Amino acid sequence: MTTIQSGIPLAEAREIKPQLHRLHDLKEIDPERWEMMQRALQTRPEELSATERAAQIAKQRAVPVHTVYRVNGEVVALHQTNGWSTTKNADSSARIVPGQGDADKVGRELGLTGDALNDFVATHMTANLKKKYGAALTVETYSNAATAPSVGEVQDEMFGITSHRDTVPGRMSRVAMDTESWAALLDRYR
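Notes on the structure in this doc start here.

The rules we used
- Residues numbered from 1 in each chain as written.
- Predicted model: local features only at pLDDT ≥ 70, side-chain atom pairs only at ≥ 80, totals over all residues.
- Heavy atoms only, no water.
- Buried < 20%, exposed > 50% of the residue type's maximum accessible area, 1.4 Å probe, protein only.
- Helix = DSSP H or I, 4+ residues; strand = E, 2+ residues; numbered from the N terminus.
- Pairing = 2+ DSSP bridges.
- Axes fitted to C-alpha atoms, helices over the stretch in contact; angles between N-to-C directions.
- Contact = heavy atoms within 4.5 Å.
- Salt bridge = Lys/Arg side-chain N within 4 Å of Asp/Glu carboxyl O.
- Polar contact = N/O pair within 3.5 Å; in protein donor to acceptor, adjacent residues only side chain to side chain.

## A short note on the pairing of strand β1 (residues 65–71)
Next, step 1: The element β1 is largely enclosed, with a buried count of 7 among its 7 residues.
Next, step 2: In the sheet, β1 pairs with strand β2 (residues 74–80) via 6 bridges, with the strands oriented antiparallel. Note on β2: the bridge partner recorded for Val 71 is Glu 74.
Next, step 3: The turn joining β1 and β2, which pair antiparallel and follow one another in sequence, is formed by 2 residues; a positive phi near 50 degrees is taken by Asn 72.
Next, step 4: Pairing of β1 with strand β6 (residues 137–141), which is carried by 5 bridges, proceeds in the antiparallel orientation. Within β6, the position partnered with Tyr 69 by the bridge is Val 139.

Written as structure tokens, this is what we have:
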């Protein structure tokens with residue numbers, strides 16, 4: 001039996017065809033959405049140069065941390081002063097306000113900004129992680145951004161090395177296809 005690179009039998013590859021066929025049919029089913037997708041593809045900004053990307057990563061890694069969450073000494077989550085958070089996969093729901101959604105969104109709807117918003121998100125993250133980890137959770141909140149560790153430092157500790165996301169461009173970051181290329185690709189799988 002012939003297999004493709006991932007080891008999937010080639011005979012099963014035909015199951016992909018209906019999905020691609022539906023995408024191609026979008027042009028006839030929902031022409032407005034098809035046009036919107038085409039405009040988005042055509043107006044997509046150019047890729048950053050290696051130097052620009054490195055500068056952007058350095059800027060992101062330099063953001064001060066607001067709160068660090070540890071379980072038995074191991075970092076499981078962090079909340080940044082710019083409102084973003086990083087969690088390990090098992091703790092991805094830490095920012096949720098039960099019955100209301102993401103803590104950042106809920107806080108903004110309450111009119112919170114800046115430090116008050118960061119404190120609101122951190123409080124909900126602490127409560128959610130405390131429910132899960134109990135006394136094993138330790139929380140470090142930095143009231144002064146100038147003395148707080150950077151996101152890069154904490155992520156390095158959290159992941160054991162520089163985060164893979166920070167050093168490798170995304171799989172699709174170099175793909176730029178125009179309308180004709182998409183159509184040719186889709187026609188191939190009809």
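## Section: the sheet that holds β1
Within a sheet, each strand pairs with its neighbour through backbone hydrogen bonds, oriented either parallel or antiparallel.
Next, step 1: With respect to topology, 4 strands assemble into an open sheet ordered β3-β2-β1-β6, the strand pairing being antiparallel. Edge strands, defined here as strands with exactly one partner in the open sheet, are β3 (85–87) and β6. Direction aside, the axes of adjacent strands within the sheet are offset by 15 degrees on average.
Next, step 2: Relative to the sheet, helix α5 (residues 114–133) contacts β1, β2, β3 and β6, its axis offset from that of β1 by approximately 5 degrees.
Next, step 3: Along the sheet face, helix α6 (residues 151–159) touches β1, β2 and β3 and points at about 155 degrees away from the line of β2.

## Quick word on the environment of Gly 114
Next, step 1: Among the structural elements, Gly 114 can be located in helix α5.
Next, step 2: Using a relative accessible area of 45% as the deciding quantity, one classes Gly 114 as partly exposed.
Next, step 3: Between the C-alpha atoms of Gly 114 and Gly 83, which are 31 residues apart in sequence, the distance is 8.3 Å.

## Observations regarding the pattern of salt bridges
Next, step 1: In this structure the tally under the stated criterion is 8 salt bridges.
Next, step 2: Between Asp 156 and Arg 61 there is a salt bridge; the shortest N-O distance is 2.9 Å. Linking Asp 156 in helix α6 with Arg 61 in helix α3 (residues 50–61), this pair joins segments that are 95 residues apart in sequence.
Next, step 3: Among the residues examined, Asp 156 registers a relative accessible area of 24% and is labelled partly exposed.
Next, step 4: When its relative accessible area of 19% is taken as the criterion, Arg 61 is described as buried.

## Quick word on the side chain of Arg 70
Next, step 1: Here Arg 70 is to be found in strand β1.
Next, step 2: Among the polar contacts made by the side chain of Arg 70, one reaches the side chain of Glu 157 at a distance of 2.9 Å.
Next, step 3: In this structure, Arg 70 is in contact with Val 75, Val 76, Ala 136, Leu 137, Thr 138, Glu 140 and Glu 157, ignoring residues within four places of it in sequence.

By themselves, these figures tell us nothing about what the structure is for.
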